[in-house]
Amino acid sequence: VSPPPRLYKALSGSDWRMTTLKTAVMFPGIIFIVFFSLNMFIWGQKSSGAVPFGTFFALLVLWFGISVPLVYLGAFFGYRRPKIEPPTKTNMIPRTVPEHAWYTQPVFSVLIGGLLPFGAVFIELF
């Protein structure tokens, strides 16, 4: 999913139309394809719980008739607004990064992240 148009403009994005198209089509498209594919299995089993074809057609009409135009309309008005300016200036003097504490090391985090759930399940089971 793409950033909002003003943020896209602030990050020096140039092709807002293609980004808007991808935003309007890709995420809902992936969800629709997964839903349709799972529904095909239900249709194959002749189940009464399958979503009818008319409902899929209605979803497509709502998607391309309402959602996509509104995404383009919002991107159009958002891209026409001025670019977002950061409220503060970045300090150009580099600073040293302090050393991390021992408990913030990745090895410790991985061990604790695995040990705590394992311990909770072990206690519950035995």
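Computed from a predicted model, the values in this text were never measured in an experiment.

Definitions and cut-offs
- The residue count restarts for each chain, going from 1 along the sequence in the order it is written.
- In keeping with the model being predicted, local features are shown solely for residues with a pLDDT of at least 70 and side-chain atom pairs are shown and tallied solely at 80 or more, while totals for entire chains, interfaces and linings include all residues.
- Side-chain metrics rest on all non-hydrogen atoms present in the structure, leaving aside hydrogens and water.
- Secondary structure elements are defined from DSSP: runs of H or I of at least 4 residues count as helices, runs of E of at least 2 residues count as strands, and each element is numbered from the N terminus.
- Think of it in three bands: residues with accessible area under 20% of the maximum for their type are buried, residues over 50% are exposed, and the middle band is partly exposed, with areas taken using a 1.4 Å probe on protein chains only.
- Here, residues are in contact when the closest pair of their heavy atoms is within 4.5 Å.
- Helix span is expected to be 1.5 Å times the residue number reduced by one.
- Working definition for bend: take the seven residues up to and ending at a residue and the seven starting at it, fit an axis to each, and measure the angle between the axes.
- Lines fitted to C-alpha atoms define the axes here, with helix axes fitted over just the stretch in contact, and angles between the N-to-C directions of these axes take values from 0 to 180 degrees.
- If an angle is under 35 degrees, it is roughly parallel; if it is over 145, roughly antiparallel; if it lies from 65 to 115, roughly perpendicular; otherwise it is oblique.
- Helix crossings are classified by the rotation of the near helix relative to the far one: an anticlockwise turn of less than a right angle makes the crossing left-handed, while a clockwise turn makes it right-handed.
- Each residue is assigned to one of three groups, with Ala, Val, Leu, Ile, Met, Phe, Trp, Tyr, Cys and Pro labelled nonpolar, Asp, Glu, Lys and Arg labelled charged, and all others, Gly among them, labelled polar.
- Classification of ring pairs rests on two measures: the distance between centres of Phe, Tyr or Trp rings, Trp counted by its six-membered ring, which must be within 6.5 Å, and the angle between planes, read as stacked under 30 degrees, edge-to-face over 60 and tilted in between.
- Only buried Ala, Val, Leu, Ile, Met, Phe, Trp, Tyr and Cys residues count toward a nonpolar core, and they belong to the same one when joined by side-chain atoms within 4.5 Å.
- For patch detection, residues must exceed 30% relative accessible area and be free of salt bridges, and they are connected within 9 Å for like charges or within 5 Å for nonpolar side chains (Val, Leu, Ile, Met, Phe, Trp, Tyr).
- Residue exposure ignores everything except the shown protein chains as possible cover, and the areas themselves are Shrake-Rupley values with a 1.4 Å probe.
- For this document, the term salt bridge refers to a Lys or Arg side-chain nitrogen within 4 Å of an Asp or Glu carboxyl oxygen.

Enquirer: How should the side chain of Thr20 be read in this particular structure?
Expert: Residue position: Thr20 is located in helix H2 (residues 16-44). In this structure Thr20 comes out as buried when scored by relative accessible area, which is 7%. Residues within four places of Thr20 in sequence aside, it is in contact with Val71, Tyr72 and Ala75.

Enquirer: In this structure, what is going on with helix H3 (residues 53-80)? I would like to understand it.
Expert: What sets the pattern is the α-helix's 3.6 residues per turn: residues three or four places apart point alike. Here H3 is 28 residues long and its end C-alpha atoms lie 40 Å apart, about the 40 Å a rise of 1.5 Å per residue gives. Its maximal kink placed at Trp63, H3 deviates by approximately 30 degrees. By the burial criterion, the buried members of H3 are Phe56, Trp63, Val68, Ala75, Gly78 and Tyr79. The elements touched by buried residues of H3 are helix H1 (5-10) and H2.

Enquirer: Please clarify how the packing of H2 against H3 should be interpreted in this entry.
Expert: Between two packed helices, both the angle of their axes relative to each other and the distance between the axes serve to describe the pair. The N-to-C vectors of H2 and H3 enclose an angle of 165 degrees; their axes lie 9 Å apart at closest approach. One way to sum up the angle between H2 and H3 is to call them roughly antiparallel. The crossing of H2 and H3 is right-handed. Residues belonging to the contact of H2 with H3 are distributed by class as follows: 20 nonpolar, 4 polar and 1 charged.

Enquirer: Which parts of the structure should I look at to understand the packing of aromatic side chains?
Expert: How two aromatic rings sit relative to each other is set out by the distance from centre to centre and by the angle between their planes. The tally for this structure, following the rule as stated, stands at 14 aromatic pairs. Ring geometry for Phe35 against Phe56: centres 5.4 Å apart, planes inclined by 50 degrees, an arrangement best described as tilted. Of this pair, Phe35 sits in helix H2 while Phe56 sits in helix H3, and the two are 21 residues apart along the sequence. We classify Phe56 as buried; its relative accessible area is 2%.

Enquirer: I keep staring at the nonpolar core and nothing clicks. Help me out?
Expert: For soluble globular proteins, the rule of thumb is that nonpolar side chains tend to be buried together. If you look at the biggest cluster of nonpolar residues, it comprises 6 residues: Ala24, Phe32, Val51, Phe56, Trp63 and Val68. Elements represented by at least two residues in this core include exactly H2 and H3. At 3 residues, H3 tops the list of elements feeding residues into this core.

Enquirer: Teacher, can you tell me more about helix H4 (residues 106-125) here?
Expert: Its 20 residues give H4 an end-to-end C-alpha distance of 29 Å, which sits within 8% of 28 Å, the value for a rise of 1.5 Å per residue. Taken across its 20 residues, H4 has 0 buried, putting it largely on the surface.

Enquirer: Any chance you could explain a nonpolar patch on the surface here in plain terms?
Expert: Taken together, the side chains of Trp102, Tyr103, Phe108, Ile112, Leu115, Leu116, Phe118, Val121, Phe122, Ile123, Leu125 and Phe126 define a hydrophobic patch exposed on the protein surface, amounting to about 1400 Å² of accessible area. Summarising the element assignment, Val121 is placed in helix H4.

Enquirer: Just to check I follow, could you spell out the environment of Ile33 for this structure?
Expert: Summarising the element assignment, Ile33 is placed in helix H2. A relative accessible area of 55% places Ile33 in the exposed class. Distance from Ile33 to Leu125, taken between C-alpha atoms, is 40 Å for residues 92 residues apart in sequence.

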